[in-house]
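Structure at a glance
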Amino acid sequence: MSSPALEQAAGLYNYWIVIVLMMTGFYIVLARRNLIKAVIGLNIFQTSVFLLYVTMGKVRGGTAPIIPPEVAAAQAKVMHDAGHDEHSTHALGTVSEEIVGAHTGHAELPGAEIIYSNPLPSVLMLTAIVVGIATTSLALALVVRIREDYGTIEEDRILEIDREDGLPDDDDEDQWIDTETHSLAGSSPDNPTDSESVN
């Protein structure tokens, strides 16, 4: 016989799936030194966030937040009749007070028994999916460019090549600039500078 705590944990299976996906993506990003695998890990992590928001917006027994035309027509008729009964110039305000203020009035409106799911998380995730695709495309393009320059996509090997290439580091940047300036200023006699040719 299962305990209530176990039943409650089993009922939140979608959140457990989100946690597993999130930790899997996080582990791949940290543990793998391959740039393609890091991009895949980021995508798995991002997918878990999408699932989290979409499941938060879902209501059990809820439907898409689209009012059926017959319900909309019936509600408009109720609003119109309520506006004439109250001799109000704006029927919407009268019915809004009735809906918000009294549950009995709300229950009598047509379509009040319909349960709607929250559309906002899904709309936000549509935008996030587009941004995620653009980010992934940019990351893959950078990986291709790194592969062309270094011949590898392993991060350790790229750092090793950077250390062995002999280019100046940040510490000796000033010395490198001075050397380049002297080589430009001291041109060879065969190619005189513009100032010498004018004189």
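This is a predicted model, so every value here is computed, not measured.

Rules used in this analysis
Residues numbered from 1 in each chain as written. Predicted model: local features only at pLDDT ≥ 70, side-chain atom pairs only at ≥ 80, totals over all residues. Heavy atoms only, no water. Helix = DSSP H or I, 4+ residues; strand = E, 2+ residues; numbered from the N terminus. Contact = heavy atoms within 4.5 Å. Axes fitted to C-alpha atoms, helices over the stretch in contact; angles between N-to-C directions. Parallel < 35°, antiparallel > 145°, perpendicular 65-115°, else oblique. Left-handed = near helix turned anticlockwise from the far one by under 90°. Salt bridge = Lys/Arg side-chain N within 4 Å of Asp/Glu carboxyl O. Buried < 20%, exposed > 50% of the residue type's maximum accessible area, 1.4 Å probe, protein only. Phe/Tyr/Trp six-rings, centres within 6.5 Å; stacked < 30°, edge-to-face > 60°.

1. Considering the environment of G62
- With respect to the helices, strands and loops of the structure, G62 is situated in the loop between α3 (35-57) and α4 (69-85).
- In sequence terms G62 and I115 are 53 residues apart; their C-alpha atoms lie 4.7 Å from each other.
- Those residues in contact with G62 that sit more than four places away from it in its chain are I115 and S117.

2. Overview of the packing of helix α2 (residues 13-31) against α3
- Where α2 contacts α3, the axes come no closer than 7 Å and their chain directions differ by 160°. Of the possible angle classes, the one that applies to α2 and α3 is roughly antiparallel. The two elements α2 and α3 cross, and the hand of that crossing is left-handed. Where α2 approaches α3, its residues N14, Y15, V18, L21, M22, G25, F26, I28 and V29 are matched on the opposing element by K37, A38, G41, L42, I44, F45, S48, V49, L51, L52, T55 and M56.

3. Re the pattern of salt bridges
- Overall, the coordinates contain five salt bridges when judged by the stated rule.
- R145 is the salt-bridge partner of E148, the closest N and O atoms lying 3.7 Å from each other. Taken together, the positions of E148 and R145, both in helix α7 (residues 120-150) and three residues apart, correspond to about one turn of that helix.
- Residue class for R145 comes out partly exposed when judged on its relative accessible area of 45%.

4. Some remarks on the packing of aromatic side chains
- All chains considered together, the criterion is met by one aromatic pair.
- When the centroid spacing of 6.4 Å and the interplanar angle of 45° are considered together, the rings of F26 and F45 count as tilted. Here F26 is found in helix α2, whereas its partner F45 is found in helix α3, with 19 residues between them in sequence.
- By relative accessible area, which is 29% here, F45 ends up partly exposed.

5. Topic: the environment of I17
- Inspection of the secondary structure puts I17 in helix α2.
- Given the relative accessible area of 43%, I17 is considered partly exposed.
- For the pair I17 and L51, spaced 34 residues apart in sequence, the C-alpha to C-alpha distance is 8.8 Å.

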